[in-house]
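Observations on chain architecture
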Amino acid sequence: LFQAYWAYNLDEYPELATYTGDPGRNHRWTDHSLEAYERRNREMEIPARVLATIDRAALSAADQVHYDLFRRNVEESLEGRRFKGEYMPVTQMGGVQQNVAQTLMLMPYFQPSDFESALARLRKTFNDPLFVRTARGMEPTPYAELLAPPIQRACELVAGSLNWRLRSERLG
């Protein structure tokens with residue numbers, strides 16, 4: 001049950017797979033459509049039904065603790081359905097403005113396929129191919145060209161902030 005639940009969560013939330021180093025899902029984002037939220041809310045009931053078939057008293061002491069913790073997690077998830085987080089996808093704590101950068105930063109970049117996965121996620125984020133293969137090699141799309149100046153400016157601001165912090169720490 002625990003393994004099935006873990007695999008389900010990695011499939012439904014590919015960013016979790018990235019964060020935990022589980023390969024194979026780095027090219028996808030979580031489906032945030034209302035249909036996907038509704039489906040996942042229905043599917044939350046499955047672990048509760050499976051737990052109801054398990055005789056807790058027949059478990060070892062350690063497995064009873066695992067059972068209790070898992071049951072609590074499932075119950076809290078079921079209770080949490082009443083708070084419709086899907087209608088507030090951007091908050092001060094999370095949303096695309098933070099999750100995209102965090103996920104891309106945590107992704108591995110050792111193989112060409114790792115870069116392809118990151119590009120696949122960016123393409124989905126911006127709904128644009130961003131780069132296309134031409135006779136001259138890879139070239140940015142017009143949209144990628146439009147994105148470049150603000151991204152460059154943001155990088156310069158971050159670098160300047162880091163340099164200011166380093167200088168002030170040396171003086172301090």
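Here's a quick rundown of the structure. All values derive from a computational prediction rather than experimental measurement.

**Looking at helix α7 (residues 112–126)**
Between its first and last C-alpha, α7 extends 21 Å over 15 residues, near the 21 Å set by a 1.5 Å rise per residue. D114, S117, A118, L119 and R121 are the residues of α7 that are buried. Along its buried surface, α7 packs onto α2 (14–20), α6 (96–106) and β1 (131–134).

**Section: the pairing of β1**
Inspection of the sheet shows β1 paired to strand β2 (residues 137–140) by four bridges, in the antiparallel sense. Within β2, the position partnered with T134 by the bridge is G137. Remark: two residues form the turn of the hairpin made by β1 and β2, two consecutive strands paired antiparallel.

**Focus on the packing of α6 against α7**
Where α6 meets α7, the axes come as close as 11 Å, and the angle between the chain directions of the two elements is 170 degrees. Accordingly, the angle class assigned to the pair α6 and α7 is roughly antiparallel. Residues V100, T103 and L104 of α6 form the contact with α7, whose participating residues are A118, R121, L122 and T125. For the contact of α6 with α7, the per-class residue count stands at four nonpolar, two polar and one charged.

**What to know about the packing of aromatic side chains**
Each pair of aromatic rings is reported with the distance of its centres and the angle of its planes. All told, the structure shown has four aromatic pairs when counted by the stated rule. A centroid spacing of 5.0 Å and a plane angle of 65 degrees characterise the contact between F2 and F70, whose relative ring orientation is edge-to-face. Placement of F2 in helix α1 (residues 2–12) and of F70 in helix α5 (residues 61–80) is noted, with a sequence separation of 68 residues between them. Among the residues examined, F70 registers a relative accessible area of 7% and is labelled buried. With 4.9 Å between their ring centres and 85 degrees between their planes, Y5 and F70 make a pair best called edge-to-face. Of this pair, Y5 sits in helix α1 while F70 sits in helix α5; the two residues are 65 residues apart in sequence, bridging distant segments of the chain.

**Considerations on the pattern of salt bridges**
Under the definition given, this model contains 13 salt bridges. Here R81 ties to E45 by a salt bridge, and the two come within 3.0 Å at their closest N and O atoms. Remark: E45 occurs in helix α4 (residues 45–52) and R81 occurs in the loop between α5 and α6; sequence separation between them is 36 residues. For the salt bridge of R56 with D68, the shortest nitrogen-to-oxygen distance reads 2.6 Å. With R56 in the loop between α4 and α5 and D68 in helix α5, the pair connects residues that are twelve residues apart, well separated along the chain. Since its relative accessible area comes to 30%, R56 is described here as partly exposed. For D68, a relative accessible area of 25% puts it in the partly exposed group. What you see here is one network of salt bridges that share partners, running through E12, R39, R40 and E43.

Scoring rules and cut-offs
- Residues numbered from 1 in each chain as written.
- Predicted model: local features only at pLDDT ≥ 70, side-chain atom pairs only at ≥ 80, totals over all residues.
- Heavy atoms only, no water.
- Helix = DSSP H or I, 4+ residues; strand = E, 2+ residues; numbered from the N terminus.
- Expected span 1.5 Å × (residues − 1).
- Buried < 20%, exposed > 50% of the residue type's maximum accessible area, 1.4 Å probe, protein only.
- Contact = heavy atoms within 4.5 Å.
- Pairing = 2+ DSSP bridges.
- Axes fitted to C-alpha atoms, helices over the stretch in contact; angles between N-to-C directions.
- Parallel < 35°, antiparallel > 145°, perpendicular 65-115°, else oblique.
- Nonpolar A, V, L, I, M, F, W, Y, C, P; charged D, E, K, R; others polar.
- Phe/Tyr/Trp six-rings, centres within 6.5 Å; stacked < 30°, edge-to-face > 60°.
- Salt bridge = Lys/Arg side-chain N within 4 Å of Asp/Glu carboxyl O.

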